[in-house]
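# Topology and contacts: notes
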Amino acid sequence: MIRISRIALTYAASLAATIGIFFLIRSLGHSLVSTGAPGPAAPVRPPASEVPGILLHVLLALVVIIVVARILGALFRRLNLPQVMGEVVAGILLGPSFLGWLAPEVASRILPVNTAPYLALLSQVGVVLYMFLVGLDLDTELLQERTQAAVAISHASIVLPFLSGAAIALWLYPRYSASAVSFTTFALFIGVAMSITAFPVLARILTDRGIQKTRLGVLALACAAINDVVAWCLLAFVISVAHAQTGSLFFTLITTIGFILIVLLIAKRGALWLVRWQTAKGRTTQDMFAVVCAALLLSALLTERIGIHALFGAFLLGTVIPHDSVLAHDIRRKCEDLVVVLLLPVFFVFTGMRTQIGLVHGTRDWLACILIIGVASLGKFGGSFLAAQWTGSDWREAASLGVLMNTRGLMELIVLNVGLDLGVLSPVLFTMFVIMAVVTTLVTTPILHQLRDSPHPSPAPAVS
């Protein structure tokens, strides 16, 4: 009882300190004035007469996207790097940073500007489905049974990069922020963007190396899962701050809490009933799948309507379906290939079309980019390493956890696109953060390989 009280007091003190430090940063940035340009304008819908021609362009673009993404993904897999990062790089190469610069005429034929709204729509649907699958893969029992170590490490891997990101916002805001964005919203978003860990990519790295069932693997998965839940809740809060006026912010927060309670108390019971129905039938029927799809879209619709983005609703609904049930397995089997092979590469290309590395030019811009990479890496590594050592890990395990928690990948790109859509990130700052996401994720596997004595260490008992 004394130990639980001490842990509770420690977390309460750390939370209070985090809030206090952020408000100090906010007070320092209150008088800053942004001179940056506003975010990108919304695309204009083409006339109906142009739709047949656009359909041809979209179909051609989809063929090219799938082929290039699979080729780069396979190449990265052979290099012992995450396949998804090869697909991310493919998206950047097909954008203005490479193909548009090297062969602008070819780029205009493959990915003309008027296809962007349609690719954006497909990519948003893909990301909503993907976030649902991420929630579906989340082992909630792992969160309920975690030790002090997992909770402490996951929270430290959020608090330190969040405060570091908010601190460098003092320098970034007057130079790179969109002019209509308040410093509070900007600093909150930069802090969240620094705090993301890509749970699916991290899990894939552990599985590829055969260490997912070791003490390190179990601890890393638990930390990343907790990190994902907390980070997405923080993102929902930031979006509500960005969307809501001062008078409606309280209403947005109340409706968000109400939605979460409805999902956890009512939708979860419905999910368990659906699992029992599936067990009685012995297979997942089309009617069951239709119920899941309708619930998923309704959940995404409600959170979009509330003002905290459709992604949060999709992710939260996925968490209430037992991850090890036959129903969850069948849903993955039905959805995963379509999402991974077609829709996510479209998202990567859409992100690549918005990433213009040419915007990052001159000494100041590249120093800012290096600063972002450095702060993101050191914040994640430092918070995880110190907390791991404090909870009893040796230096090698603590360093490995710090490296693994720096895995950002796709989850970071999703957050960055939300920031660009909201106008919180300017195009140049968006590009810098995309570079950061790619660099920090790509170096994870090589550094982890150097830290581990053997690529396949013998399994150890799970952390209790």
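### Quick look at a nonpolar patch on the surface
A contiguous nonpolar surface patch, about 810 Å² in accessible area, is contributed by Phe250, Ile254, Ile257, Leu261, Ile262, Leu264, Leu265 and Ile266. With respect to the helices, strands and loops of the structure, Leu264 is situated in helix H12 (residues 246-281).

### Let's talk about the confidence of the model for the chain
Low pLDDT means the predicted atomic positions in that stretch should not be read closely. Summary statistics for the chain give a mean pLDDT of 83 and a share of 88% for residues scoring 70 or more. Low pLDDT, under 50, characterises residues 41-45; the stretch is placed with one contact to residues that sit more than four places away or in other chains. Note that residues 454-464 has pLDDT below 50 and, in this model, 22 contacts with residues that lie over four places away or in other chains.

### As for the packing of helix H6 (residues 116-137) against helix H13 (residues 286-306)
Interaxial distance between H6 and H13 falls to 11 Å at its minimum, and their mutual angle equals 110 degrees. On the basis of the axis angle, H6 is roughly perpendicular to H13. Residues Val128, Leu129 and Phe132 of H6 lie in contact with H13, whose contacting residues are Val292, Leu296 and Ala300. Looking at the contact of H6 with H13 residue by residue, the class counts come to six nonpolar, no polar and no charged.

### Section: the packing of aromatic side chains
Tallied over the full model, the rule gives eight aromatic pairs. With centroids separated by 5.4 Å and ring planes inclined at 35 degrees, the aromatic side chains of Trp273 and Trp277 adopt a geometry described as tilted. Linking Trp273 with Trp277, this pair stays in helix H12, spanning four residues, or about one helical turn. For Trp277, a relative accessible area of 26% translates into the label partly exposed. Clustering of aromatic rings is evident, with ring pairs tying together Phe22, Phe23 and Phe162. Cation over ring: Lys334 sits above Phe289, and NZ or CZ is 5.6 Å from the ring centre.

### A few points about H13
For H13, with 21 residues, the first-to-last C-alpha span of 30 Å sits near the 30 Å given by 1.5 Å per residue. When H13 is considered as a whole, its buried residues turn out to be Met288, Val292, Leu296, Ser299, Ala300 and Thr303. The buried residues of H13 occupy an angular sector of 105 degrees when projected down its axis, which confines them to one face. Summarising the geometry of H13, the exposed residues directed more than 90 degrees from the buried face are Gln286, Asp287, Leu297, Leu301 and Arg305. Looking at the residues trailing H13, positive phi occurs at Gly307, about 110 degrees.

### With respect to the pattern of salt bridges
Inspection of the entire model under this criterion finds four salt bridges. With a shortest N-O distance of 2.5 Å, Asp137 and Arg332 are connected by a salt bridge. On the criterion of sequence distance, the pair formed by Asp137 in helix H6 and Arg332 in helix H15 (residues 326-354) is long-range, its members being 195 residues apart. Taking the relative accessible area as the measure of exposure, Asp137 reaches 35% and is therefore partly exposed. Among the residues examined, Arg332 registers a relative accessible area of 16% and is labelled buried. With its nearest N and O atoms 2.5 Å apart, the salt bridge here joins Arg354 to Asp421. You can see Arg354 sitting in helix H15 and its partner Asp421 sitting in helix H18 (residues 409-422), a full 67 residues away along the chain.

### Overview of the side chain of Glu412
By secondary structure assignment, the location of Glu412 is in helix H18. Here Glu412 sits buried without a salt bridge, and the closest side chain of opposite charge, Arg408, lies 4.1 Å off (N-O distance). Excluding residues that lie within four positions of it along the chain, Glu412 makes contacts with Ala193, Ile196, Phe433, Met436 and Ala437.

About the thresholds
- Residues numbered from 1 in each chain as written.
- Predicted model: local features only at pLDDT ≥ 70, side-chain atom pairs only at ≥ 80, totals over all residues.
- Heavy atoms only, no water.
- Patch = residues over 30% accessible without salt bridge, like charges linked within 9 Å, V, L, I, M, F, W, Y side chains within 5 Å.
- Areas by Shrake-Rupley, 256 points an atom, 1.4 Å probe, with all protein chains shown as cover.
- Salt bridge = Lys/Arg side-chain N within 4 Å of Asp/Glu carboxyl O.
- Helix = DSSP H or I, 4+ residues; strand = E, 2+ residues; numbered from the N terminus.
- pLDDT = per-residue confidence, 0-100.
- Contact = heavy atoms within 4.5 Å.
- Axes fitted to C-alpha atoms, helices over the stretch in contact; angles between N-to-C directions.
- Parallel < 35°, antiparallel > 145°, perpendicular 65-115°, else oblique.
- Nonpolar A, V, L, I, M, F, W, Y, C, P; charged D, E, K, R; others polar.
- Phe/Tyr/Trp six-rings, centres within 6.5 Å; stacked < 30°, edge-to-face > 60°.
- Buried < 20%, exposed > 50% of the residue type's maximum accessible area, 1.4 Å probe, protein only.
- Lys NZ or Arg CZ within 6 Å of the ring centre and 35° of its normal.
- Expected span 1.5 Å × (residues − 1).
- Arc of directions from axis to C-beta.
- Lys, Arg positive; Asp, Glu negative; His and termini not counted.

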